[in-house]
Structures are given as structure tokens and as C-alpha cells.
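Structure assessment
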Amino acid sequence: MADPLPPSNQATVCSPLEQEVLNEYTLLLTNLNKLSTVLSSLAERPTAEMLDGLRMLERKTSLVCTLLKASVYSIVLQQQIYGGDEGDVQQPGQGQ
């Protein structure tokens, strides 16, 4: 399909806003091409290798979560003890 305007007139027809939109579309195209490249490289990797990596990540995340919970529990317990609320502190293993 032929362009309705000659190339010399097309540059002057775009407003600054239109040019900015075109630049954003160009950036979007570049980012989508990069994403496509990364996804194709991931698709080529063996599934077992990826699952092993995810299992290791899951173990590390679980460990960090457990340590965080223990730290928060320790801080709360210390605040209760040093705050003068000794009567309100429950021993581990007792119900709430």
C-alpha cells in the first residue's frame, strides 16, 4: 500500500505527542524482542534442570521465611518480658 504523503511531508505531519507515542512503541518493540529471546532460551533448557533450580530456590526461601518468623517471635517475646508484661507471656506449648 502506498503512503498518502511523500516522505518529506511525513516528518512534519507528526505532532510532538505523536512522535513520543511512536518512540514508546519502538521501545516496546525492543523490549518484547528481548523478552522473546529470553523466553526462547528458557524453553530450550531441559525441564529437569529448571525444576532442580526451582527446588533449591524453594528450600532457600523456606529457610529465610522460618528464620524471619523465629526472629519476629523472639523480638515480640523480648518486648513482652522487658515491657513488664510477664504475667501475659504464655509458655511455648500452652494454648492461646
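Residues numbered from 1 in each chain as written. Predicted model: local features only at pLDDT ≥ 70, side-chain atom pairs only at ≥ 80, totals over all residues. Heavy atoms only, no water.

1. Remarks on the overall build of the protein
A tally of helices and strands in the protein yields three helices and zero strands. In sequence order, the secondary structure elements of the protein are arranged as α-α-α. Buried residues in the protein amount to 1% of all 96 residues. Accessible area for the protein stands at about 8800 Å²; split by element, carbon and sulfur atoms hold 62% of it. (Helix = DSSP H or I, 4+ residues; strand = E, 2+ residues; numbered from the N terminus. Buried < 20%, exposed > 50% of the residue type's maximum accessible area, 1.4 Å probe, protein only. Areas by Shrake-Rupley, 256 points an atom, 1.4 Å probe, with all protein chains shown as cover.)

2. As for the pattern of salt bridges
Side chains that differ in sign of charge can pair as their charged atoms come close. All told, the structure shown has one salt bridge when counted by the stated rule. A salt bridge links R55 to D52; the shortest N-O distance between them is 2.9 Å. Of the two residues, R55 and D52 are both situated in helix α3 (residues 47-82); the distance of three residues between them amounts to about one turn of the helix. Given a relative accessible area of 47%, D52 falls into the partly exposed group. (Salt bridge = Lys/Arg side-chain N within 4 Å of Asp/Glu carboxyl O.)

3. What about the confidence of the model for the protein?
Confidence in the prediction for the protein averages 81 pLDDT; 74% of positions are at 70 or higher. Here helix α1 (residues 7-13) stands out as the least confident element of the protein, with mean pLDDT 59; helix α2 (residues 16-44) is the most confident, with 92. (pLDDT = per-residue confidence, 0-100.)

4. Some thoughts on a nonpolar patch on the surface
Together, L17, V21, Y25, L28, L32, L35, V38, L39 and L42 make up an exposed nonpolar region whose accessible area comes to about 850 Å². Relative to the helices and strands, L39 resides in helix α2. (Patch = residues over 30% accessible without salt bridge, like charges linked within 9 Å, V, L, I, M, F, W, Y side chains within 5 Å.)

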